[in-house]
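This is what each chain is made of:
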Amino acid sequence: MLAGTFLVARQPTASATTRAEIASQFGFTELPIALPEGLSKRTVRKVNPRYEHIRSWISSVGASIAAGDLDGRGKADDLCLVDTRSDTAVITPAPESGGTYRPFVLDPAPLPVHDAMAPMGCLPGDFNEDGRMDVLVYYWGRTPVLFLREPGTGPLSNDSYRPTELIPQSTTTHYRGPLWNTNAVAAADFDGDGHLDLGIFNYFPDTEVLDRAGLPNVTMNDSMSHARNAGGAHVLRWVGVSADAEPVVHYVEDEAIDPEYASGWTLGAATADLDGDLKPELYLANDFGHDRFFHNVSEPGRIRFALAEGSRDAVTPKSLVIGHDSFKGMSIEFGDLRGEGRFDAFVSNITTSWGLEESNFVWLNTAADAQQARGDLIRGRAPFRNNAADMNMAWSGWGWDAKMADFDNNGTVEVVQALGFIDGRINRWNWLQELAMSNDLMLSNPDMWPKAEPGDDIAGSQPFAFWAAEGNGRYTDVAGQLGMTDTTPSRGVAVADADGDGRQDFAVARQWAAPSYYRNTTQAPGDYIGLRLYRPAEGAGDDVIGTPAYGAQVRVTTADGRVRLAQLDGGGGHSGKRSLDVFVGLGDTGGAPVQVAIVWRDRAGQVHNQTTSMTSGWRDLMLTDKIEEVSKP
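Residues numbered from 1 in each chain as written. Predicted model: local features only at pLDDT ≥ 70, side-chain atom pairs only at ≥ 80, totals over all residues. Heavy atoms only, no water.

(A) Representation of the pairing of strand β18 (residues 331–335) in the model. Taken across its 5 residues, β18 has 5 buried, putting it largely inside the fold. The side-chain alternation of β18 yields two buried faces, one formed by Ser 331, Glu 333 and Gly 335 and the other by Ile 332 and Phe 334. When β18 meets strand β19 (residues 344–348), the two strands line up antiparallel, connected through 5 bridges. Each residue of the ladder has a partner; that of Gly 335, found in β19, is Asp 344. (Buried < 20%, exposed > 50% of the residue type's maximum accessible area, 1.4 Å probe, protein only. Helix = DSSP H or I, 4+ residues; strand = E, 2+ residues; numbered from the N terminus. Pairing = 2+ DSSP bridges.)

What follows is the structure in structure tokens.
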């Protein structure tokens, strides 16, 4: 009976021949990413004394990578990454992009710093709306720093940026501000006023996590399935830029999320507008328990999110319902996974066989259109159902960042998922399993956690996954067939068409190892629409086009009626950030034009929409009250 049940219930898997055929559609060349000379190469962090016996666990996050047009040359051919080996934020040209500057470290001086802080990620963006790309760096041990790009046309360097506080601090030589421990950010126009707001989501509470002489008031999660004692959410609303000689961007914090739902151990955050009002909904992927999905009910000048949860039927486990899961949410990515003109979502969890075998989530959008989605959301219902098992994407390993992109331009997106935890020699899964079965009353005390020190291994040899469609509604991981077999634990994924050849490349950040870059060399890609969307910039010089049209949605309809939906994503996920370009694969159109419908907000918050006909290729578009094609100065 057991054998018969297994044969009936087991999921079908693609054959080796099928995987090879699917992999043959793609081509990538792995290239090294240049780093500044002389950086240290540590393999573990200094931590608070109460964390000393689990210092490898505490040292398991921080590698990140983002792609964007930082040098203003018109292509997203620059990378901002965090190298955990040196605890530095680095800006460097994408490999083989013809970058005209040398890699350099972003130094927050003269802002106050201290020895017990470490960068966790980079977010490129135009925060002061002058048309030049700035960088937000977020940390463990302090509040984030805005590196505002100074005017000038010389090669990029640390001198090209002016560090400013995101959260105003007293002027001291030693940092004495809030001890935020941030692992996730999301950037979007939350309140619909035409300006970029920020969600800063902290993991550990505001304590001295990385201070070897820190106070013993540090903690761990108070549950494995519904922990709510983390650092909490900070939603910052953009209010303006000062007119000083050295302008500063001003934000205020809104109590946008009910405190009851704002203190999960957040590792991933992302936004997408489901109900058609161009005010994006928010998903928080929380470690140790309930992910949270929020309906955006903001008004200009006031950001507010209302909780929305999934519905459960008699055959659906509680952990496969949004808002009720007990899994270890690690990242979240929105995208049009089925090519039906609706945003679905992919969530990474811990899914290691014979380890903590939970399940990734593939949340398929169940709303027929935006109007139905709005009705569901108003009633507090999240319009998603999990379809990960049926699509063969439920199990991969110890998941982290994930990004959807159409790498062969056939009209169906692929998913790159970072995997792996702690690399060592001695398998400690038995200790972790014992911890997972412990009483929740013990968990918050770090002394009760089993050792996780250098040399210990927990899911430390998992190559990242490259999920590609089989053509039957299911996906298969073809990373091995593509030669992507490096088992070093990975964390962040960044996607961009760095060389502008109509094939999207990607980069992977690795924990305690050098990052990797994968140049897309696919031989026969399909057609595509690539858009760089701008709005007029404030006081822009002759060297810039404009500021990104954050939140703009693009709906592409081909001659045969296929529909694809994409958005200008301001930045979300775990520790990887895609470029600000909008890219849609079309398949073979035979050169026929497609209909491109764009909906956007101008800088006053007014919504506009226009449909135009386009053929395959890249375009720079200025969005005012109409669409106008422009060119790089």
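(B) Representation of the UniProt feature "domain: ASPIC/UnbV" (unreviewed entry) in the chain. The UniProt entry lists residues 549–609 under the feature "domain: ASPIC/UnbV" (unreviewed entry), expressed in the numbering used here. In residues 549–609, helix accounts for 0% and strand for 48%; the two terminal C-alpha atoms are 13 Å from one another. (UniProt positions renumbered as here; feature names shortened; annotations may be inferred.)

(C) Region of interest: the packing of aromatic side chains. Under the counting rule described, the total for this entry stands at 33 aromatic pairs. Arranged with centres 4.0 Å apart and planes meeting at 0°, the rings of Trp 398 and Phe 421 form a pair that is stacked. Taken as a pair, Trp 398 in the loop between β21 (384–386) and β22 (399–405) and Phe 421 in the loop between β23 (414–419) and β24 (426–427) lie far apart in primary sequence, 23 residues in all. Given a relative accessible area of 2%, Trp 398 falls into the buried group. Residue Phe 421 is classed as buried on the basis of its relative accessible area of 4%. Ring-pair connections join several aromatic residues into one group, and the members of that group are Phe 26, Phe 28, Phe 407, Phe 464, Phe 466, Phe 506 and Tyr 518. Cation over ring: Arg 428 sits above Trp 431, and NZ or CZ is 3.8 Å from the ring centre. (Phe/Tyr/Trp six-rings, centres within 6.5 Å; stacked < 30°, edge-to-face > 60°. Lys NZ or Arg CZ within 6 Å of the ring centre and 35° of its normal.)

(D) Just the state of the cysteines, in detail. Applying the stated criterion across every chain, the model contains 1 disulfide. Here Cys 80 engages in a disulfide with Cys 122; their sulfurs sit 2.3 Å apart. On the sign convention where negative means left-handed, the S-S torsion of about -50° between Cys 80 and Cys 122 marks this disulfide as left-handed. One end of the pair, Cys 80, is in strand β3 (residues 78–83); the other, Cys 122, is in strand β6 (residues 118–125), and 42 residues separate them in sequence. Given the relative accessible area of 1%, Cys 80 is considered buried. (Disulfide = S-S within 2.5 Å.)

(E) Spotlight on the sheet that holds strand β8 (residues 145–149). The strand order β6-β7-β8-β9 describes an open sheet built from 4 strands, whose pairing is antiparallel. Since the sheet does not close on itself, it has two edges, and those belong to β6 and β9 (161–165), each with one partner. Taking the axes of each pair of neighbouring strands and ignoring which way they run, one obtains an average angle of 25° across the sheet. Direction of pairing for strand β7 (residues 134–140) relative to β8: antiparallel, over a ladder of 3 bridges. For Val 137, the partnering residue across the bridge sits in β8 and is Val 145. (Axes fitted to C-alpha atoms, helices over the stretch in contact; angles between N-to-C directions.)

(F) Region of interest: the environment of Gly 551. Within the element layout of this structure, Gly 551 appears in the loop between β32 (547–548) and β33 (553–557). According to the relative accessible area criterion, Gly 551 is partly exposed, its value standing at 33%. Here the alpha-carbon distance between Gly 551 and Val 630, two residues 79 residues apart in the chain, equals 20 Å. For Gly 551, the contacting residues outside a window of four places in its chain are Leu 278 and Leu 568. (Contact = heavy atoms within 4.5 Å.)

(G) Structural detail: the nonpolar core. Grouped together as the largest cluster of nonpolar side chains are 116 residues, with contacts concentrated most on Trp 398, Phe 466, Phe 506 and Leu 533. It is β7 that contributes the most residues to this core, 6 residues altogether. Membership of the second largest hydrophobic core comes to 22 residues, among which are Ile 332, Ala 373, Leu 377 and Phe 384. (Core = buried A, V, L, I, M, F, W, Y, C linked by side-chain atoms within 4.5 Å.)

(H) Structural view of the pairing of β6. With 8 of 8 residues buried, β6 is to be regarded as a mostly interior element. Pairing geometry for β6 and β7, over 7 bridges, is antiparallel. Bridge pairing in β7 places Gly 121 opposite Tyr 138.

(I) Quick look at helix α4 (residues 370–378). Among all positions of α4, only Ala 373, Asp 376 and Leu 377 are buried. Looking straight down α4, one finds its buried side chains confined to an arc of 95°; they lie on one side. Those residues of α4 that are exposed and aimed more than 90 degrees away from the buried face are Gln 371 and Ile 378. Of the surrounding secondary structure, the elements contacted by the buried residues of α4 are β15 (281–287), β16 (292–296) and β17 (305–308). Two or three places before Gln 371, at the start of α4, stands the capping residue Asp 369, its side-chain oxygen 3.3 Å from that residue's backbone nitrogen. Looking one or two places after α4, you find Gly 380, whose phi comes out positive at around 80°. (Arc of directions from axis to C-beta. Polar contact = N/O pair within 3.5 Å; in protein donor to acceptor, adjacent residues only side chain to side chain.)

(J) Expanded view of the environment of Gln 595. Mapped onto the elements, Gln 595 comes out in strand β37 (residues 594–601). A residue is classified by how much of its surface remains accessible, and Gln 595, at 39% relative accessible area, is partly exposed. Excluding anything up to four places from it in sequence, Gln 595 contacts Arg 555, Val 556, Thr 557, Thr 611, Thr 612 and Ser 613.

(K) Highlighting unusual backbone geometry. Cis geometry marks the peptide bond from Ala 109 to Pro 110, where omega comes out at 15°. One can find Pro 110 in the loop between β5 (104–105) and β6. Located in the positive-phi region is Asn 392, a residue other than glycine, with phi close to 65°. Residue class for Asn 392 comes out buried when judged on its relative accessible area of 17%. Unlike most non-glycine residues, Asn 409 shows phi in positive territory, near 60°. Following the sequence through the fold, Asn 409 ends up in the loop between β22 and β23.

(L) Examining the sheet that holds β22 more closely. The strand order across the open sheet formed by 4 strands is β22-β23-β26-β27, and the pairing between neighbours is antiparallel. A single partner strand is all that each edge strand has here, and the edge strands are β22 and β27 (475–477). For this sheet, the mean inter-axis angle between neighbouring strands, taken without regard to orientation, is 25°. Bridge count between β23 and strand β26 (residues 465–469): 3 bridges; the pairing is antiparallel. Looking at β26, one finds that Gln 417 is bridged to Ala 465.

(M) Representation of the pattern of salt bridges in the model. All chains considered together, the criterion is met by 37 salt bridges. Arg 519 is paired through a salt bridge with Asp 499; the nearest N and O atoms lie 3.4 Å apart. With Arg 519 in strand β30 (residues 516–520) and Asp 499 in the loop between β28 (490–496) and β29 (505–510), this residue pair connects regions lying 20 residues apart in the sequence. (Salt bridge = Lys/Arg side-chain N within 4 Å of Asp/Glu carboxyl O.)

(N) Geometry of the side chain of Glu 129. Looking at the secondary structure, you find Glu 129 in the loop between β6 and β7. Judged by its relative accessible area of 4%, Glu 129 falls in the buried class. With near-sequence residues (within four places) excluded, Glu 129 lies in contact with Gly 194, His 195, Leu 196, Trp 238, Ala 537, Glu 538, Thr 547 and Arg 603.

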